[in-house]
Amino acid sequence: MPNTNLTENQKKAMTAPETAEVLLHLLTIYYDDEPILRVVDDKQEITSDGKKYIPCAFTVLLPDQTSDGNKTCRLQIDNADISIYREIKAAAIRSLNEKKKITCDVGVIMASEPDNFIQGPLTFALRNINATVQSVTGELYDLYMHDRKFTALTYNPEDFPGMFW
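For the structure given in this document, a descriptive report is provided here. (Residues numbered from 1 in each chain as written. Predicted model: local features only at pLDDT ≥ 70, side-chain atom pairs only at ≥ 80, totals over all residues. Heavy atoms only, no water.)

**A closer look at the nonpolar core**
Counting 23 residues, the largest nonpolar core has Leu27, Ile29, Leu75, Ile77 and Leu140 as its most contacted members. Secondary-structure elements contributing two or more residues to this core are β1 (23–31), β2 (34–40), β5 (58–61), β6 (73–78), α2 (82–98), β7 (102–110), β8 (113–131) and β9 (135–141). Among all residues touching Ile29, those that are not within four sequence positions of it are Glu34, Pro35, Ile36, Leu37, Ile77, Ile88, Ile102, Thr103 and Cys104. Counting residues in each nonpolar core, the second largest holds seven residues, with Leu26, Val40, Tyr53 and Phe117 among its members. (Core = buried A, V, L, I, M, F, W, Y, C linked by side-chain atoms within 4.5 Å. Buried < 20%, exposed > 50% of the residue type's maximum accessible area, 1.4 Å probe, protein only. Helix = DSSP H or I, 4+ residues; strand = E, 2+ residues; numbered from the N terminus. Contact = heavy atoms within 4.5 Å.)

As structure tokens, this is what we get:
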């Protein structure tokens, strides 16, 4: 959901035909609510809200704002730094063994105003992690609701009297 309290600089940059402002994504990956990785899609380190984000090439497809239904969001981190791969792999293995979740926060900022979010931070569950030589990929789910199957039935006393006292 977009931020409705944008600063004047953000409004000007977003409505200008051309701007020198740079939009950046901040990504924080958590294991059991403890941050294990903070990255920014830039070539230099950035500090936002007192937290340091290391530069890393990644792409994140955030949910669109159409009414076409829920779409899966995707995360792809370039596998250029072996330490990032090791952190995510260790968290994925611990998650399987300990049954604890891996989550991500994604936010959009302007490089000139790193403490003011344009969008987010949005929280997702990171699932279906896959690592190759080129990249680490995963699917981002909003509170696990996208992939759960729900019945189309409505439970009411007339059709299901045993469920009601």
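**Section: α2**
The end-to-end C-alpha distance of α2 is 24 Å, a good match for the 24 Å that 17 residues give at a rise of 1.5 Å each. All of the buried residues in α2 are Ile84, Ile88, Ala91 and Ser95. Projected down its long axis, α2 carries its buried residues within an arc of 60 degrees, all on one side. Residues Arg86, Leu96 and Asn97 are exposed on α2 and point more than 90 degrees away from its buried face. Here the buried face of α2 lies against β1, β2, β6, β7, β8 and β9. At the exit of α2 stands Lys99, carrying a positive phi of roughly 60 degrees. (Expected span 1.5 Å × (residues − 1). Arc of directions from axis to C-beta.)

**Some words on unusual backbone geometry**
Its identity is not glycine, yet Asp32 carries a phi of approximately 55 degrees, on the positive side. Along the chain, Asp32 turns up in the loop between β1 and β2. The phi dihedral of Asn128 falls on the positive side, at around 55 degrees, and the residue is not glycine. With respect to the helices, strands and loops of the structure, Asn128 is situated in strand β8.

**Digging into empty space enclosed by the protein**
Scanning all chains against the criterion turns up one cavity of 30 Å³ or more. Volume-wise, the largest cavity comes out at about 40 Å³. In this structure, the largest cavity is lined by Ile29, Leu75, Ile77, Ile88, Leu126, Ile129, Val136, Thr137 and Gly138. At the level of elements, β6, β8 and β9 are the ones that each hand at least two residues to the lining of the largest cavity. For the lining of the largest cavity, the element with the highest residue contribution is β9, accounting for three residues. (1 Å grid on protein atoms, 1.4 Å probe; cavity = no way out; pocket = protein on both sides within 12 Å on 5 of 7 lines; lining within 4 Å. Points joined across faces, edges and corners; volume = space filled by probe spheres on them.)

**A closer look at the packing of aromatic side chains**
One pass over the structure, following the stated rule, counts zero aromatic pairs. Taking NZ or CZ as reference, Arg94 lies 4.4 Å from the ring centre of Tyr31, over its face. (Phe/Tyr/Trp six-rings, centres within 6.5 Å; stacked < 30°, edge-to-face > 60°. Lys NZ or Arg CZ within 6 Å of the ring centre and 35° of its normal.)

**A look at the side chain of Glu113**
By the element assignment, Glu113 lies in strand β8. Buried and unpaired, Glu113 has no salt bridge, with Lys12 as the nearest side chain of opposite charge at 9.6 Å. In contact with Glu113, other than residues within four places in its own chain, are Thr7, Asn9 and Gln10. (Lys, Arg positive; Asp, Glu negative; His and termini not counted. Salt bridge = Lys/Arg side-chain N within 4 Å of Asp/Glu carboxyl O.)

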